[in-house]
Structures are given as structure tokens and as C-alpha cells.
Amino acid sequence: MLSVKNIISIDDLSQKDIESIISRADSFNEVLSRDLKKVPVLRGKTIMNIFFEPSTRTKTSFELAAKRLSADIVNFSSNSSLKKGESIIDTVKTLRSMIMDLLIIRHSDSGVMDFIARSIDVPIINGGDGKHQHPSQALLDLYTIREHFKSLSGLKIAIVGDIVNSRVARSDVRLFRKMGMDVELVSASMLLPEDLDYFDCNKVHNSIDDVIEYVDVIYMLRMQLERQSRKFYPSIREYNRYLGLNLERIARMKKGSIMMHPGPVNRGIEISEEIMNREKDLKDISKINQQVKNGLAIRMSLIYLALTN
Ligand code: CP
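Residues numbered from 1 in each chain as written. Predicted model: local features only at pLDDT ≥ 70, side-chain atom pairs only at ≥ 80, totals over all residues. Heavy atoms only, no water.

Student: Got a sec to walk through helix α3 (residues 88–96)? Specific residues and values, please.
Tutor: The complete set of buried residues in α3 reads Ile-88, Ile-89, Thr-91, Val-92 and Leu-95. All buried residues of α3 lie within an arc of 160° about the axis, which places them on one face of the element. (Buried < 20%, exposed > 50% of the residue type's maximum accessible area, 1.4 Å probe, protein only. Helix = DSSP H or I, 4+ residues; strand = E, 2+ residues; numbered from the N terminus. Arc of directions from axis to C-beta.)

Student: Lay out the side chain of Gln-291 in plain terms, naming residues and giving numbers.
Tutor: With respect to the secondary-structure elements, Gln-291 resides in helix α11 (residues 288–307). According to the relative accessible area criterion, Gln-291 is buried, its value standing at 1%.

Student: Which residues make up the nonpolar core, and what values do they have?
Tutor: Among the nonpolar cores identified, the biggest contains 63 residues, and Ile-47, Ile-125, Leu-139, Leu-142, Ile-145, Ile-159 and Ile-303 are the most heavily contacted of them. Broken down by element, this core gets its largest block of residues, 10 residues, from α11. Two domains each donate at least three residues to this core, and these are domain 1 (10–133 + 292–307) and domain 2 (135–291). Among residues more than four places away in sequence, those in contact with Leu-142 are Ile-18, Ile-22, Leu-152, Leu-175, Phe-176, Met-179 and Met-181. Listed in part, the 25 residues of the second largest apolar core include Val-160, Ile-208, Val-215 and Leu-282. (Core = buried A, V, L, I, M, F, W, Y, C linked by side-chain atoms within 4.5 Å. Domains from an automatic or database assignment. Contact = heavy atoms within 4.5 Å.)

Student: Mind laying out the pattern of salt bridges, listing which residues take part and the relevant values?
Tutor: Per the stated rule, a full pass over the model turns up 17 salt bridges. For the salt bridge of Glu-53 with Arg-167, the shortest nitrogen-to-oxygen distance reads 3.0 Å. Placement of the pair is Glu-53 in the loop between β1 (46–51) and α2 (57–68) and Arg-167 in helix α6 (residues 167–178), with a sequence separation of 114 residues. Within this structure, Asp-209, Glu-213, Glu-248, Arg-249 and Arg-252 form a network of salt bridges that share partners. (Salt bridge = Lys/Arg side-chain N within 4 Å of Asp/Glu carboxyl O.)

Student: So what's going on with the sheet that holds strand β7 (residues 203–205)? Which residues, and what values?
Tutor: Adjacent strands of a sheet pair through backbone hydrogen bonds, lying either parallel or antiparallel. Strand order in the open sheet formed by 5 strands is β7-β6-β5-β8-β9, with parallel pairing between adjacent strands. Because the sheet does not close on itself, it has two edges, and the strands there are β7 and β9 (258–260). On average, adjacent strands in this sheet sit at an angle of 20° to one another, irrespective of strand direction. Sheet topology places strand β5 (residues 156–160) next to strand β6 (residues 182–186); 5 bridges connect them, and they run parallel. Counted as the bridge partner of Ile-159 is Leu-185 from β6. In the packing of helix α5 (residues 135–149) onto the sheet, the strands contacted are β5, β8 (217–220) and β9, and the crossing angle to β9 comes to about 165°. (Pairing = 2+ DSSP bridges. Axes fitted to C-alpha atoms, helices over the stretch in contact; angles between N-to-C directions.)

And the structure:
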């Protein structure tokens, strides 16, 4: 049971909600390890994936999660009547009229989910809205960290890069702080948001070298080039010098620490080509593939809890 109908922002979730999501994901992970990776718990339920923005991981993972739970899922194509001038609310209401039990929505406008939720009587899961929130990403990140370290208490995490444009940063920081972890930001002044207080983080640094030797998790953000209407950083070379992860920096990471990234990676910007080409050798450090894997169990848990509330 969750305390909320819609999963829109990490801020809406209580500690108990987060524990329920994680614990349910543990049991679904066990299901995913079986030969028959499917349970009949949501037979007869219908879910719609409505992605107005591109996605590889989130959309596919929600779709597969629904199928593993035996629900029917329909993928809404963005090649729709929106192009003929239909409003987003009319589009969502039209889709809802086809008797859907749950809507999973991604949209480029920050805050649009609350607006949609006021007009719709079925639960909504936010698949990412503008620069605002991406709760399923933050939960799978937390799950991956907990899986590696077993306990969250006292962990130090550095979130590196394009903070101002990142919904992942906004969701991760709020969740990690809620769970008692220390969060430090590493960025440049032009990539930091004005609402820094919202992040409630412990420190801000300008170079990855300031933190690389002592943090438990180095979380690399994607440079959100599609949200940059102006140039946010002088050059890729400058970005690499202060904010990029390369093999030399990996070698200086604290023993037992890990590196994460939400994907998709801009190779050669936030993470070097050499690291990306050696992901197998670096699997004890790089958790990028594990994040994707855990996303399935977390999204099964979110769908299940949203539909059995
Ligand atoms: N991390 C993430 O949201 O990836 P996609 O854009 O591929 O869904």
C-alpha cells in the first residue's frame, strides 16, 4: 500500500512508501531470476505508456514490467493528433476513455503531471517531466546502491555535471537525502540551478578531482544537450578537464566505490570512450548496466503498488 495515488515526485513518497517499493522490487527480482519470468497478479488490468519525449530505458522497462505482471499495455505513439492541434489534456482524456487502469507519462514540460492528474481519475506514474522529476530512475538508483553496499547509512555520493537541466539530479538528491545519505554536487557555476536550497546537499565542488578519492558513489549526469537553448559550457575539452570521468580518475576511486549514470551516455563528454569500451572489465565499478537491470524490478513494483492501492 502506498500513501499516494500518483507517483509524480520523490517528495510525495514517505519513508514507508520507499521501503514498500524496495521490498516489493526484491520479490519481483526473485521472479525475474526464474525460468518463467511472469506472474499473473495484474491479469485484466490495462496500462498505457504515453511518452511525448524520446526514451529507450524507461519506456521499454515499463512495458516489459507490465508484461511480466500479466497486464495489457498499449504504447501511445507521439505521431498522434497532437500534431493536428489536440491539447495534451484532451489527448490524455481520450486515451483514458479507452478504459485504462494506469497511465505512465513522460513529457518535456516540468510540472505537467500535477496538471494532468487533476483531470484524470486513474493513477499516473511520472516517466520524467522536463527538468522536474524522474522518480522511477531515482528509485532504481537507490535500489542499485543498496544492493551493492547493503546499508545506506553514512554513504557519501557525489552527483557530477549538468545539475541545472537534470530531473535525475532533482529526484536523486531528494531521495538520497531522505534516506540519510550525504550528497555533494560537482558542477560549474553555469550548470548549477538558482534553487540550490531545494537540493539540500552537503557541499558543492567545481572539479571531480575534489571528491574522487573519498566518495562511495560517483554519479555522472548526462549533459542534457536537448535542454540547452544556449551554450552552458565553454567547450567539451573544458568539461572533460573538470567534470569528465576517465581511466586515470577511475584508478583513483576509493576501494569498493562505484560509478553510476542514468543513460544514455554522451561518450567522450561525461564518461570517456575508454571507460565505455571496457565496461565488462570495470563491472565491479561501473553499475550502468545493473541500473538498467534493476529498473525492471523497480518498475514492476511501482506498477503493482499503484494498481493495488
Ligand atoms: N535514464 C533514462 O530516463 O533513460 P531513457 O531516456 O532512455 O528512458
